[in-house]
Amino acid sequence: MEQLLIYCVFFFVIFVALKKSSAVLAILLNINLFRAIPFVDYKKPYYGYYNENDILLGAVLPMLCYLIIFIKITWKKDKIKYKVDIIDVFMFSLI
């Protein structure tokens, strides 16, 4: 049952990545919540750490989604016009 839920989450996120790239970025920021879905026991909740080591949702899914987003951006005819803001300079300096 857990494997079925993992595959359902995987294919759902891939489908969203193909349709709407901005939404999948928000999903990938919260991927730990999606990784915990198959392991939650709703009858006896445990409020600790749920996530198991899962290579499919933890490593393959983010890399595949970022690759889809990159391909969609490069194949797009319109070029992205992005102006650097003071917040971007601040975040870059933090890195």
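Just so we're clear, the structure is a prediction, and the values are computed from it rather than from any experiment.

The rules behind the values
- Residues numbered from 1 in each chain as written.
- Predicted model: local features only at pLDDT ≥ 70, side-chain atom pairs only at ≥ 80, totals over all residues.
- Heavy atoms only, no water.
- Phe/Tyr/Trp six-rings, centres within 6.5 Å; stacked < 30°, edge-to-face > 60°.
- Buried < 20%, exposed > 50% of the residue type's maximum accessible area, 1.4 Å probe, protein only.
- Helix = DSSP H or I, 4+ residues; strand = E, 2+ residues; numbered from the N terminus.
- Expected span 1.5 Å × (residues − 1).
- Arc of directions from axis to C-beta.
- Contact = heavy atoms within 4.5 Å.
- Core = buried A, V, L, I, M, F, W, Y, C linked by side-chain atoms within 4.5 Å.

Trainee: Sorry if this is basic, but what is going on with the packing of aromatic side chains here?
Mentor: We describe a pair of aromatic rings using the distance from one ring centre to the other and the angle between the two ring planes. Applying the stated rule across the entire model yields one aromatic pair. Judged by centre distance (5.4 Å) and plane angle (75 degrees), the rings of Phe 10 and Phe 11 are edge-to-face. Here Phe 10 falls in the buried class, since its relative accessible area comes to 9%. Taking the relative accessible area as the measure of exposure, Phe 11 reaches 54% and is therefore exposed.

Trainee: Would you mind going over helix 1 (residues 2-19) with me for this structure?
Mentor: Spacing of three or four residues puts side chains on the same side of an α-helix, whose turn is 3.6 residues. Counted at 1.5 Å a residue, the expected span for helix 1 with its 18 residues is 26 Å, and the 26 Å between its end C-alpha atoms agrees. Turning to helix 1, its buried residues are Ile 6, Val 9, Phe 10, Val 13, Ile 14, Val 16 and Ala 17. Buried residues of helix 1, seen end-on, are gathered within an arc of 160 degrees and therefore sit on one face of the element. Every exposed residue of helix 1 that faces more than 90 degrees away from the buried side is listed here: Leu 4, Phe 11, Leu 18 and Lys 19. In this fold, the buried residues of helix 1 make contact with helix 2 (21-29), helix 3 (31-36) and helix 4 (55-75).

Trainee: I tried to follow helix 2 on my own but got confused; where do I start?
Mentor: Burial in helix 2 covers these residues: Ser 21, Val 24, Ile 27 and Leu 28. All buried residues of helix 2 project into a common sector of 110 degrees when viewed along the axis, lining one side. Against the buried residues of helix 2 lie helix 1, helix 3 and helix 4.

Trainee: Would you take a moment to explain the nonpolar core for this structure?
Mentor: A general feature of soluble globular proteins is that nonpolar side chains tend to end up buried together. Core analysis: the largest hydrophobic core is formed by 17 residues, its most contacted members being Phe 10, Val 13, Ile 14, Val 24, Leu 57, Leu 61 and Cys 65. Counting residues per element, the ones that place at least two in this core are helix 1, helix 2 and helix 4. Top contributing element to this core by residue count: helix 1, with seven residues. Apart from residues lying up to four places away in sequence, Val 13 is in contact with Val 24, Ile 27, Leu 61 and Cys 65.

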